[in-house]
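# Analysis of the macromolecular model
Chain by chain, the residues run as shown.
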Amino acid sequence: MPKGMFIDTTICTGCKSCQVACKQWNGLSAEPAHFGRKPGVSYPVAHNFTGDSYDNTGSLSATDWRHVRFVEQIDEPRTQKRWLFSSDSCKHCTDAGCLNACPTKAIQRTDLGNVVVQQDTCIGCKFCIPSCPYGVISFSEETGTARKCTLCNDRIHNGLGTACAKACPTGSIRFGEVADLRKRADARVAQLKSKGEKAQVYGYDEADGLNVFYLFVDGPKVYGQPEHPIVPQRRLVLCSLVTILTALGIGAAALVSFRERLNGTSEEGRHES
Amino acid sequence: MSPEIIQAPEWAWYYIAIYFFVAGTSAGAYFIGTMEELFGSGREREVSRAACYIAFPLLTLVPIPLIADLGRPERFWHLFVYNQAGYPYLNLQSPMSVGSWVLLVFSVCALLSFLDNLVADKIISFPLFSRYYNRIPRKLYAVIGSLAGFFIAGYTGVLLNVTARPFWAATSPLMGALFIVSGASTGAAAISLFLIWRKRNSGGEVERLEAFDRVVMVAELVLLAALLVMAGRTAAPLVSLPFIVMFWMGTVVFGIVVPLWFKIRSRAERFGANPVLAHYLFILLGGLLLRISLLQAGQL
């Protein structure tokens, strides 16, 4: 039975205890500052520290396996505002792009359904990084390998929940059986809808179902999630077919070009054959 | 916050784009040569001989950039053997995994063809090898090698297409096709340069190679246009500065259009040796800049 997490973003307060718990349990170092130029700013800016938001890292990375996204929605006359939070991590997709892409079997799914990068097998080819439709898995310069959330593989195989769920003070992050969590999510959506909120669950159908799924009260894009994520390997058959057809075309062109000699050769050629 | 959250692999262009180009050229040359070997009359074989002399030496360069770009280069063998259990590993869903294995097969075929030609040209002699020397194994590895060659030329494009990066995803499924065609074109140019160097660039065979290359380069232009239409807004990096010079000038104008114009013109009138040499070099440079542009445009 797959284990997973349900993130009810409506009761997240943005306290970031999950970020801290994740770093502590997994022994992740601080994010190194990467400075770069921002258009319109004359001085270099550390682009992985936002500086203009309570959202401090801006994205997931090889050392930030959990990231609390702060969405500040302010209307035009600046009278109404709404703050949305969403604690993001690896979704442990049922059809995982990173796992499909891995050429070394370093990325594996365990019996509990979580997707884990085996650090002693990964060669750091970086193919999994663009293969993740959520931009989760990242390359670590420190270890030379790909790294991401393991769903606290060591904890969950010893009967504990994930560190982030344990630390969450509001119950926004729930760890458990995916089937149970879905029931809880459906109940919560029904409750919110009865109050007139436009709540929706994100992660039932995406990538054949996400083991870590979310309750959103706005579009997925607002929370920094793709609206229609596509597992990239689903294009493989079509790409291969088109490439094979082209190869056949080139082969035919070569064949015609080099066959010409048979027609073009002088009489002796025919006598010989 | 930008919805385009998909991370770039940050493959170094000086490793990976150069690998794409070298492997594409080697594979292109090899499958052109083997096509002549398999379907030609067998009396003239300058092109297939040149192809065999080009393919393997170029391939010897390939492991260096591929391994150097890994985060843990010393573990490159994990591509072939699952290190936790020790059995060979192949992931059919991963172009990188299949590509590694086919690269191995292709290298073996290219090496055998290379040795074969060295023996046939009496540059080296293995008494045993020479005694049993005949055309049957040559055709055997020509068949396997040409299939592997087509694969090597094309899979790099498929590999880019089956990622979630916007530009690479939007150009699906044409990148593999474009890379095969470009590989054929740069392979033909490499063969022609080799023949010029050996002073054997005359006769019907070379004309047939030129005719083939004209078809291929027209196909390349068509595919490139289709690819850019499909890419739409995701191709935005291609109209920013380094790419305007690299892609539009280097690849499209000087790498394809000018050499193609030159090839079509040179059917009617003869040019001197220097422009001929130069236009092959332009084709090769254009092929290299094409790989760099398409790799980097997907990573920006």
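Residues numbered from 1 in each chain as written. Chains lettered and ligands numbered in written order. Predicted model: local features only at pLDDT ≥ 70, side-chain atom pairs only at ≥ 80, totals over all residues.

You'll find chain B entered in an unreviewed UniProt entry as Polysulfide reductase, with Geomonas limicola given as the organism. Heading Sequence similarities (unreviewed entry) of the UniProt record for chain B holds this comment: "Belongs to the NrfD family." Checking UniProt for chain B, the heading Subcellular location (unreviewed entry) contains the comment "Cell membrane". (UniProt positions renumbered as here; feature names shortened; annotations may be inferred.)

Going by an unreviewed UniProt entry, chain A carries the name 4Fe-4S ferredoxin and comes from Geomonas limicola. Under the Subcellular location (unreviewed entry) heading, UniProt states for chain A: "Cell envelope".

## So, the overall build of chain B
Of the regular secondary structure elements, chain B holds eleven helices and zero strands. Starting at the N terminus and ending at the C terminus, chain B contains elements arranged as α-α-α-α-α-α-α-α-α-α-α. For chain B, whose C-alpha radius of gyration is 20 Å, the value lies close to the compact-globule estimate of 19 Å for 300 residues. Summarising its shape, the C-alpha atoms of chain B cover approximately 70 × 60 × 25 Å along the three principal directions. For chain B, buried positions account for 50% of its 300 residues. (Helix = DSSP H or I, 4+ residues; strand = E, 2+ residues; numbered from the N terminus. Rg over C-alpha atoms; globule rule 2.2 N^0.38 Å. Buried ≥ 20, exposed ≤ 12 C-beta atoms within 10 Å, placed from the backbone.)

## Describing the UniProt feature "transmembrane region" (unreviewed entry) in chain B
Residue and element names in this part refer to chain B. Mapped onto the present numbering, the UniProt feature "transmembrane region" (unreviewed entry) falls at residues 12-35, 47-68, 98-119, 140-162, 174-197, 218-236, 242-264 and 276-294. Counted over residues 12-35, helix gives 96% and strand 0%. Its end C-alpha atoms are 34 Å apart. Secondary structure within residues 98-119 divides into 100% helix and 0% strand; the distance between the first and last C-alpha atoms comes to 32 Å.

## Some words on the UniProt feature "binding site: [4Fe-4S] cluster 1" (unreviewed entry) in chain A
Residue and element names in this part refer to chain A. Mapped onto this numbering, the UniProt entry gives "binding site: [4Fe-4S] cluster 1" (unreviewed entry) at Cys12, Cys15, Cys18 and Cys168. The greatest C-alpha distance among the residues just named is 10.6 Å, despite their covering 157 residues of sequence, which places them together in space. Here Cys15 shows up in the loop between β1 (3-8) and α1 (17-26). For Cys168, the location among the structural elements is in the loop between α5 (163-167) and β10 (173-177). Residue contacts for Cys168: discarding those within four places in its chain leaves Ser17, Cys18 and Ile173. (Contact = placed C-beta atoms within 7 Å.)

## A closer look at the interface of chain A and chain B
The interface of chain A with chain B comprises 54 residues on the first partner and 56 residues on the second. Only α2 (97-101), α3 (128-131), β8 (138-140) and α7 (236-264) of chain A provide two or more residues apiece to the side of chain A that touches chain B. With 20 residues, α7(A) is the largest single contributor of residues to the side of chain A that touches chain B. Residues belonging to the side of chain A that touches chain B are distributed by class as follows: 25 nonpolar, 22 polar and seven charged. (Nonpolar A, V, L, I, M, F, W, Y, C, P; charged D, E, K, R; others polar.)

## Section: the packing of helix α2 (residues 46-61) of chain B against helix α8 (residues 175-197) of chain B
Residue and element names in this part refer to chain B. Orientation of α2 relative to α8, taken along the N-to-C sense of each, is 105°, at an axis distance of 9 Å. If you check the angle between α2 and α8, you find them roughly perpendicular. Contacts between α2 and α8 involve Glu46, Val47, Ala50, Ala51, Tyr53 and Ile54 from the former and Ala190, Ile191, Phe194 and Leu195 from the latter. (Axes fitted to C-alpha atoms, helices over the stretch in contact; angles between N-to-C directions. Parallel < 35°, antiparallel > 145°, perpendicular 65-115°, else oblique.)

## Here we look at the domain arrangement of chain A
When its domains are assigned, chain A resolves into domain 1 (3-230) and domain 2 (233-272). Here the C-alpha centre of domain 2 of chain A lies 49 Å away from the C-alpha centre of domain 1 of chain A. (Domains from an automatic or database assignment.)

## Quick notes on the pairing of strand β12 (residues 212-216) of chain A
All names here are of chain A. Among the five residues that make up β12, five are buried, leaving the element largely enclosed by the rest of the structure. Of the two faces of β12, the one carrying Val212, Tyr214 and Phe216 and the one carrying Phe213 and Leu215 are both buried. Relative to β12, β1 is paired through four bridges, and the arrangement is parallel. The residue bridging Asp8 from the neighbouring strand is Leu215, located in β12. (Pairing = 2+ DSSP bridges.)

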